[in-house]
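# A structural walkthrough
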Amino acid sequence: GGGSSSCATPRREREGAPRCHDLAGSEQRSDWLQYNRTYTVRLAQLREAVLEQARALWSGVAPRPDFLQSVAACLRLEHEVVVVGVIFKEMRLRPTSAEDARGEKKTDQTPGACLSSDEDVLWLEDDTTRVRLAVAASLVARFVTGLVVGVRGRLVGGKFSAPGVCFAR
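Cut-offs applied
- Residues numbered from 1 in each chain as written.
- Predicted model: local features only at pLDDT ≥ 70, side-chain atom pairs only at ≥ 80, totals over all residues.
- Heavy atoms only, no water.
- Helix = DSSP H or I, 4+ residues; strand = E, 2+ residues; numbered from the N terminus.
- Contact = heavy atoms within 4.5 Å.
- Areas by Shrake-Rupley, 256 points an atom, 1.4 Å probe, with all protein chains shown as cover.
- pLDDT = per-residue confidence, 0-100.
- Phe/Tyr/Trp six-rings, centres within 6.5 Å; stacked < 30°, edge-to-face > 60°.
- Lys NZ or Arg CZ within 6 Å of the ring centre and 35° of its normal.
- Salt bridge = Lys/Arg side-chain N within 4 Å of Asp/Glu carboxyl O.
- Buried < 20%, exposed > 50% of the residue type's maximum accessible area, 1.4 Å probe, protein only.
- Core = buried A, V, L, I, M, F, W, Y, C linked by side-chain atoms within 4.5 Å.
- Lys, Arg positive; Asp, Glu negative; His and termini not counted.

Our next topic: the overall build of the protein chain. The helix and strand inventory of the protein chain stands at five helices and eight strands. Excluding contacts between residues fewer than 6 apart, the proportion of contacts in the protein chain whose partners are at least 24 apart in sequence is 63%. By element, 50% of the accessible surface of the protein chain is carried by carbon and sulfur atoms, the whole surface being about 9,100 Å².

The following block contains the structure:
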């Protein structure tokens, strides 16, 4: 689907439902949505602690980055910023629940089989939007879905280029 080709996917309001992603046909995103409330709560609980750590690390860098309250805010700015969100790791080899139901297999699914690949992608999201992260391959390999992180960087070529990442202390 077209989910990973755009830099950001705005969320739509639905009556009586939490804000959720415009999935653009992405079956892998449907697996993520079942946990959306859990990650929304986790982000609410850890946002201030992560921002505190980010300020401790990056308030002294020149030029001083803006510390933003939402992922959507970073999409309007061209200078360096810090934003907090939840990591979503798009693992291209990981089977989706729809593929499981159809009996399709992307890769070796024996217990212990590696589902990571060089094609994995990290997204940063909150209840406003999501943005694709451009980070070192070593971070993509080590990060997992659900981490609440602060990222320092800027939007470059439709991706958030993030040389700095921090966690709550």
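Okay, the environment of Val-156 next. Mapped onto the elements, Val-156 comes out in strand β7 (residues 148-156). The sequence separation of Val-156 and Ala-134 amounts to 22 residues, and the corresponding C-alpha distance is 8.8 Å.

Turning our attention to the confidence of the model for the protein chain. The predicted model of the protein chain has a mean per-residue pLDDT of 78, with 65% of residues at 70 or higher. Counting interchain partners and residues more than four positions distant, the pLDDT-below-50 stretch residues 1-28 has 65 contacts.

A separate point is the packing of aromatic side chains. If you walk through the whole model with that rule in mind, you get one aromatic pair. Taken together, a centroid distance of 5.8 Å and an interplanar angle of 65° make the contact between Phe-143 and Phe-167 edge-to-face. Of this pair, Phe-143 sits in the loop between α5 (137-142) and β7 while Phe-167 sits in the segment after β8 (159-166); the two residues are 24 residues apart in sequence, bridging distant segments of the chain. Stacked on the ring of Trp-123, the Lys or Arg Arg-130 has its end atom at 3.5 Å from the ring centre.

Here the focus is the pattern of salt bridges. Counted according to the given criterion, the structure contains two salt bridges. A salt bridge links Arg-152 to Glu-80, with the shortest nitrogen-to-oxygen separation between them at 3.0 Å. Of the two residues, Arg-152 is situated in strand β7 and Glu-80 in the loop between α3 (71-74) and β4 (81-90); the sequence distance between them amounts to 72 residues.

Attention now goes to the side chain of Gln-53. Considering the arrangement of structural elements, one finds Gln-53 in helix α2 (residues 36-58). Using a relative accessible area of 14% as the deciding quantity, one classes Gln-53 as buried. The residues contacting Gln-53, other than those within four sequence positions of it, are Cys-166, Phe-167 and Arg-169.

Within the largest apolar cluster, 19 residues are counted, with the highest numbers of intra-cluster contacts made by Ile-87, Leu-122, Leu-124, Leu-133, Val-135, Val-151 and Phe-160. For this core, the elements supplying multiple residues, two or more each, are α3, β4, β5 (121-125), β6 (130-134), α5, β7 and β8. In this structure Leu-122 touches Ile-87, Phe-88, Lys-89, Val-131, Arg-132, Leu-133, Val-135, Leu-139, Val-140 and Phe-143, once residues within four positions along its chain are discounted. Ranked by size, the runner-up nonpolar core spans twelve residues in total, among them Val-50, Ala-54, Val-84 and Cys-166.

Let us now look at the environment of Thr-38. By secondary structure assignment, the location of Thr-38 is in helix α2. What makes Thr-38 partly exposed here is its relative accessible area of 46%. Each C-alpha atom of the pair Thr-38 and Gly-146 lies 9.0 Å from the other, and the pair is 108 residues apart in sequence.

Turning our eyes to something else, we now look at the side chain of Arg-47. Inspection of the secondary structure assignment puts Arg-47 in helix α2. The buried charged residue Arg-47 lacks any salt bridge partner; its closest oppositely charged side chain belongs to Asp-126, at an N-O distance of 4.4 Å. Excluding residues that lie within four positions of it along the chain, Arg-47 makes contacts with Gln-69, Val-84 and Asp-126.

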